[in-house]
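# Observations on the model geometry
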Amino acid sequence: MLPVIETQRLILRNISIKDVHDMYEYASTDKVGPLAGWAPHLNIHETIGVISMFQAQAYKTGLGVFAITLKENNKMIGTIELFNHYANFKAEMGYALNPAYWGMGIVPEAATALLHWGFKELNLKRIEINLFVDNYQSERVCQKLGLKLEGIIRNGYMRYDGKIFDEKKYSITDIEFFKIYGNKQAA
Ligand SMILES: CC(C)(COP(=O)(O)OP(=O)(O)OC[C@H]1O[C@@H](n2cnc3c(N)ncnc32)[C@H](O)[C@@H]1OP(=O)(O)O)[C@@H](O)C(=O)NCCC(=O)NCCS
């Protein structure tokens, strides 16, 4: 199971079947999934299946997808995760947010908390974020977090619909993290 992580406006927690309608609200639109590499959900049963899969993954590995929820009303407005994880080494971060909440710094706030978790609790040495080359919104999140652009992976990703994208790879190391966010040892 995942820990519960609290930030100023948010609670990051295990996803629940009770979140199904909140998740379907944004997962069914064509504004979110296609930018993150997954197809919009066609019906609520698909969302139920995705939530079950996320729960099983978190239960089995202790890692997986957090629900991003608003402290004020427990509404689930997105997801954030560390995946492709190698213990004490590295992981990739992914996120998606309901468009009604875009532009409020919600994901940077949640992602900062996951950087703390990843580097301080999971002892990672590197966290990376890969995004489609023209995903400016996600690129801004990387920049706000202090990640560095490492390069472009040409034709690096084939989406569910067969479309092939160049990807940008951003990353942050443990040493950079402790320099930006506060010392562990002498960073
Ligand atoms: C990427 C994403 C998670 C950013 O979350 P967020 O909490 O809105 O992040 P921010 O508030 O920091 O906004 C990031 C940028 O999005 C852009 N943005 C803000 N509001 C927007 C809106 N309503 N429509 C389009 N873009 C908008 C701005 O350029 C902003 O940067 P700025 O603060 O320098 O102006 C969100 O846009 C999203 O869910 N996108 C679809 C899924 C996705 O791309 N996932 C990442 C895959 S790598």
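Rules used throughout
Residues numbered from 1 in each chain as written. Predicted model: local features only at pLDDT ≥ 70, side-chain atom pairs only at ≥ 80, totals over all residues. Helix = DSSP H or I, 4+ residues; strand = E, 2+ residues; numbered from the N terminus. Rg over C-alpha atoms; globule rule 2.2 N^0.38 Å. Buried ≥ 20, exposed ≤ 12 C-beta atoms within 10 Å, placed from the backbone. Contact = placed C-beta atoms within 7 Å. Near = placed C-beta within 6 Å. Nonpolar A, V, L, I, M, F, W, Y, C, P; charged D, E, K, R; others polar. Core = buried A, V, L, I, M, F, W, Y, C linked by C-beta atoms within 7 Å. Arc of directions from axis to C-beta.

Below, the discussion takes up the overall build of the protein. Across its full length, the protein holds 6 helices and 8 strands. Reading the protein from its N end, one meets helices and strands in the order β-β-α-α-α-β-β-β-α-β-α-β-β-α. Computed over the C-alpha atoms, the radius of gyration of the protein is 16 Å, within 12% of the 16 Å expected from 2.2 N^0.38 for a compact globule of 187 residues. Principal axes of the C-alpha set define a box for the protein whose edges measure 50 × 40 × 30 Å. Scored against the burial criterion, the 187 residues of the protein give a buried share of 30%. Partitioning the contacts of the protein with sequence separation of at least 6, the portion at a separation of at least 24 is 57%.

The next thing to look at is the site of the ligand. Within the structure, the ligand sits among 21 residues, and Leu35, Gly103, Val107, Gln137 and Arg140 are positioned closest to it. Among the elements of the structure, helix H2 (33–36), strand S5 (90–97), helix H4 (106–121) and helix H5 (136–145) are those that each provide at least two residues to the shell around the ligand. Along the lines of polarity and charge, the residues of the shell around the ligand split into 14 nonpolar, 5 polar and 2 charged.

Time to look at the nonpolar core. Ile68, Ile80, Met93, Tyr95, Val107, Ala110 and Ala111 are the most contacted members of the largest nonpolar core, which has 42 residues in total. The element that contributes the greatest number of residues to this core is H4, accounting for 7 residues. Ignoring anything within four residues of it in the chain, the contact list for alanine 110 reads Thr7, Leu10, Leu12, Ile68, Ile80 and Tyr95.

Moving on to the environment of asparagine 84. Note on placement: asparagine 84 falls in strand S4 (residues 76–86). A sequence separation of 90 residues divides asparagine 84 from aspartate 174, and the C-alpha atoms of the two residues are 17 Å apart. Once you skip the residues sitting within four places of it in the chain, asparagine 84 turns out to touch Ala91 and Glu92.

All of the buried residues in helix H1 (residues 20–27) are Asp22, Met23, Tyr26 and Ala27. Viewed along the axis of H1, the buried residues span an arc of 120°, placing them on a single side of the element. Packing partners of the buried residues in H1 comprise H2, helix H3 (44–61) and S4.

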